[in-house]
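Observations on the model geometry
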Amino acid sequence: MVQNIFAMRNSELSSPDEEFAQNFAADALQVLPPNAFKPGALVIRSAPGGGKTSLLRMFTPGPLEQTLRNHSVFPFDEIYGKLQALGAVGPTAPRLLGVYISSQGGYSEIGPPLPQAAAAGLFKALLNARIVLRTLRAVTRFWEVDYDDARSLSRIRVMPGATSRDAGQLPIDGDAPSLRRWAEDIEQRSLKYLDTLQGGVGGPDLPGHVAIDAIQWLGAARFFLDEVETVCTPLLMFDDVQRLRPWQRDALFSECMEHRTPLIVWIAEQTKALDSSGVLTVSRAERDHHVVQLEKFWGNDKGNKFQNFAADIANRRLRQAGIDVKIDVQLNSRLTDRDLGRKIETAIESLKDHLGAPLSPHYEAWVKPTLDAPTTDPFSLAVELGKTRIMIARDRRRGLPAFDFEGLESDASPSGVVQAAERMICTQYLLPYFYGFDRVTRLASFNIEEFLQICASLFELIHAARVVKTGGSSTVSASDQDAAIKQLAARRFTDISRSVRHGEMAQKLVQAAGRLCKEKTYLTRAPYAPGVTGFAISAEERIELSKANAAGSTSVYFELAQVLTSCVAQNVLDMREIKQGSRAVTVFYLNRMLCAHFDLVYHYGGWQKVSLRTLIEWSRGNSITDDARKLL
């Protein structure tokens, strides 16, 4: 059986540097703001699978070196050009010294039974040691020096810069072997305590530092090889910071932001690192650092940046599998399946019968051109008939005593009606709706991991189409795409109960929201065209949720705030602030794959205002039918 190359997660930290760099999509670099390489802190945040780790690894010495070495060879040439434009590499050497620090490795185990002061000291000591050790490894890779050979390592010396402040408990300068011994001693003593789970205060041998001085040390350090200084700018990157305990994360943020470090620091974390107040507060002061929320970056783009980014990743994966055809060609974007012809004909006949039924005379001049339209594209004709049906339903709703034909003509194609008609027809006549590369990328909710999951579900169909259909089209049919996506969407909904904090309540809330959205989407006159895919709360209610986190369990909204925060952090809900005249509302859109599960549109369409009390009832699994009709 062929290996599903989309099911492979590129093993960001284990794949060889050359393979990693070769498969890195250069469009990912677009998320970096203009000040990304200036001293200070940049926070990169997303739901799981947003691409944070891959982005950080690209700036470590190995991938940069491989990109430079192969800069004239496809696909390295594209990556090289963009890295050079950013100033990350020069013509012959990297200009950045990327130091990668994982937040795994025992930090979260530091806590009780140690007293808080001792735990804080141990955490800072271990982190200081790791920063020094990872810096030395990065320097040896940068200069291609054998890290494990003492004689080679002794060629490297670290000296303080002119702006160095007191390095605290760190040796401010020294040869690389001495620095390594100092850092390894602290690391070993720290891990010894964690391995033995000693109680009490930890003993006199327990390392304890007052501050994370290694950040300032690295920001001012000068690196020499054989007494010759090499100019490179250190870039310190912390990954998976959500794995730290809250007080550890606070200590790291404080050191990076309050002390005005001269170092470039990137901090990558999942959105779930934020508590409810962090997610739900209307505006947050971020004067000391810049935040890039990856889903928001891609979602706010009016062009096709995410689609192009996803296509680049998919096409690289396909080349790995020996398929040198672009993914958008592999996925049929039209309803040309043979078995769909009869269904489309049935839809056209049924809609014509509906529109041809006795109507008020003032509709005939409007309906006749549609009924007489040519059928060169049967599905487009069906959609046009569906649009006409919606417009008649809307006009009847107005209850006007007389009909102004020209007025209807000018309102013949209001926003979203064509898309609403397509959604209704596909559901009513059992036609596929989720197919084609454009819709596949929209269903990913601007998350690259979710995009790869969708592609993984389609890859076997792509491979089968190329193997089996040797005499005909090798594209995957719309029906097959739709069926595979629906299966994946069902699993996505089922997984909410176990993959999201407060999962059962989150799943009940999502199910109620999905039902409400479906009820409103399929109203005959499509009042919320192209469809409803989310719910909204007022600015005042959002403030109430933010306050509930501080109040704790004494607040009636505390549990709801926790559920909504978890859903946003795990990309189950997409939270956006939308202006309504002079007022703002907060809209929680369903993840696009959940829209597929509930047979909704893939667009970011309409939304419905609901109260916090109703949301609480939803999260408890109570029926929404009666309440929803009262609210809307």
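Because the structure is predicted, anything quoted here is derived from the model rather than measured.

**Regarding the side chain of Asn-315**
Within the element layout of this structure, Asn-315 appears in helix 12 (residues 305-320). Every residue in contact with Asn-315, bar those within four places of it in the chain, is listed here: Lys-326 and Ile-327.

**Digging into the nonpolar core**
With 102 residues, the main nonpolar core has Phe-6, Met-58, Phe-59, Leu-83, Trp-266, Phe-451 and Ile-454 as its most contacted residues. The leading source of residues in this core is helix 20 (residues 448-468), at 10 residues. For Ile-454, the residues in contact, after removing those within four places along its chain, are Val-440, Leu-443, Ala-444, Ile-485, Leu-488 and Met-593. One finds Tyr-107, Leu-114, Phe-142 and Ala-221 within the second-largest nonpolar core, a separate group that totals 58 residues.

**Some thoughts on the sheet that holds strand 4 (residues 174-175)**
Taking strand neighbours across the sheet as the criterion, the 4 strands line up as 4-3-5-6 in an open arrangement whose pairing is antiparallel. Strands with a single pairing partner mark the edges of an open sheet, and in this sheet they are strand 4 and strand 6 (228-229). Across 2 bridges, strand 5 (residues 221-225) lies against strand 6 in antiparallel orientation. Note that in strand 6 the partner of Phe-224 across the bridge is Glu-229. Seen against the sheet, helix 5 (residues 116-143) touches strand 3 (156-160) and strand 5 and runs at an angle of roughly 40 degrees to strand 5.

**Quick notes on the pairing of strand 3**
Regular strands have side chains that alternate between both faces of the sheet. In this structure, strand 3 lies alongside strand 5, joined through 5 bridges in antiparallel fashion. If you follow Ile-156 over to strand 5, its bridge partner there is Leu-225. Here strand 3 runs beside strand 4; their pairing, made up of 2 bridges, is antiparallel. For Val-158, the partnering residue across the bridge sits in strand 4 and is Gly-174.

**Brief notes about the sheet that holds strand 8 (residues 264-270)**
Pairing is parallel in the open sheet, where 5 strands are placed in the order 2-7-8-1-9. Where the open sheet ends on each side, the last strands, each with one partner, are strand 2 (96-102) and strand 9 (289-293). Sheet twist, expressed as the average angle between the axes of neighbouring strands with direction ignored, equals 20 degrees. Relative to strand 8, strand 7 (residues 233-239) runs parallel, the two being bridged by 4 bridges. Bridge pairing links Leu-235 to Ile-264 in strand 8. The sheet contacts of helix 8 (residues 213-220) involve strand 2, strand 7 and strand 8, and relative to strand 7 the element is tilted by about 150 degrees.

**Remarks on the packing of aromatic side chains**
A complete count under the given rule lists 21 aromatic pairs for this structure. A centroid spacing of 5.7 Å and a plane angle of 75 degrees characterise the contact between Phe-493 and Phe-598, whose relative ring orientation is edge-to-face. Residue Phe-493 is located in helix 21 (residues 478-499), and its partner Phe-598 is located in the loop between helix 25 (592-597) and strand 13 (606-609); the two are separated by 105 residues in the primary sequence. Phe-598 gets classed as buried once you look at its relative accessible area, which sits at 9%. Above the ring of Tyr-433, the side-chain terminus of Arg-439 is found at 5.0 Å from the ring centroid.

**Structural notes on the pattern of salt bridges**
Under the counting rule described, the total for this entry stands at 35 salt bridges. Measuring nitrogen to oxygen at the nearest pair gives 3.1 Å for the salt bridge that ties Lys-387 to Glu-384. Within this pair, Lys-387 and its partner Glu-384 are both found in helix 16 (residues 378-398), separated by 3 residues, close to a single helical turn. The exposure class of Glu-384 is partly exposed, given its relative accessible area of 32%.

**Structural notes on the packing of helix 23 (residues 539-551) against helix 24 (residues 558-569)**
Orientation of helix 23 relative to helix 24, taken along the N-to-C sense of each, is 105 degrees, at an axis distance of 8 Å. Comparing the axis directions of helix 23 and helix 24 gives the class roughly perpendicular. Every residue of helix 24 that contacts helix 23 at Leu-545, Ala-548 and Asn-549 is listed here: Phe-558, Leu-560, Ala-561, Gln-562 and Leu-564. The residue inventory of the contact of helix 23 with helix 24, partitioned by class, reads 6 nonpolar, 2 polar and no charged.

**Topic: helix 5**
Every α-helix winds through 3.6 residues per turn, so residues three or four apart in the chain are directed the same way. Over its 28 residues, helix 5 runs 41 Å from end to end, which matches the ideal 40 Å to within 8%, given 1.5 Å per residue. Buried residues dominate helix 5, accounting for 22 of its 28 residues. In the segment just after helix 5, Glu-144 is the residue with positive phi, at about 60 degrees.

**Observations regarding the confidence of the model for the chain**
Residue-level pLDDT values for the chain average 87, and 88% of them are 70 or greater. Scored below 50 in pLDDT, residues 401-412 makes 13 contacts in the model with residues more than four places away or belonging to other chains.

**Quick notes on the environment of Lys-38**
Here Lys-38 shows up in the loop between helix 1 (17-23) and strand 1 (40-46). Residue classification places Lys-38 among the exposed residues on the basis of a relative accessible area of 52%. Sequence-wise, Lys-38 and Leu-235 are 197 residues apart; in three dimensions their C-alpha atoms are separated by 9.7 Å.

**Re the pairing of strand 2**
With 6 of 7 residues buried, strand 2 is to be regarded as a mostly interior element. Bridge count for strand 2 against strand 7 is 7 bridges, and the pairing is parallel. Looking at the pairing, Tyr-100 lines up with Met-237 of strand 7.

**Side note on unusual backbone geometry**
With omega at 0 degrees, the peptide bond leading from Phe-74 into Pro-75 counts as cis. For Pro-75, the location among the structural elements is in the loop between helix 3 (61-69) and helix 4 (76-86). For the bond from Pro-112 to Pro-113, the omega torsion is 10 degrees, close enough to zero to count as cis. Looking at the secondary structure, you find Pro-113 in the loop between strand 2 and helix 5. Its identity is not glycine, yet Glu-227 carries a phi of approximately 65 degrees, on the positive side.

What counts and how
Residues numbered from 1 in each chain as written. Predicted model: local features only at pLDDT ≥ 70, side-chain atom pairs only at ≥ 80, totals over all residues. Heavy atoms only, no water. Helix = DSSP H or I, 4+ residues; strand = E, 2+ residues; numbered from the N terminus. Contact = heavy atoms within 4.5 Å. Core = buried A, V, L, I, M, F, W, Y, C linked by side-chain atoms within 4.5 Å. Buried < 20%, exposed > 50% of the residue type's maximum accessible area, 1.4 Å probe, protein only. Pairing = 2+ DSSP bridges. Axes fitted to C-alpha atoms, helices over the stretch in contact; angles between N-to-C directions. Phe/Tyr/Trp six-rings, centres within 6.5 Å; stacked < 30°, edge-to-face > 60°. Lys NZ or Arg CZ within 6 Å of the ring centre and 35° of its normal. Salt bridge = Lys/Arg side-chain N within 4 Å of Asp/Glu carboxyl O. Parallel < 35°, antiparallel > 145°, perpendicular 65-115°, else oblique. Nonpolar A, V, L, I, M, F, W, Y, C, P; charged D, E, K, R; others polar. Expected span 1.5 Å × (residues − 1). pLDDT = per-residue confidence, 0-100.

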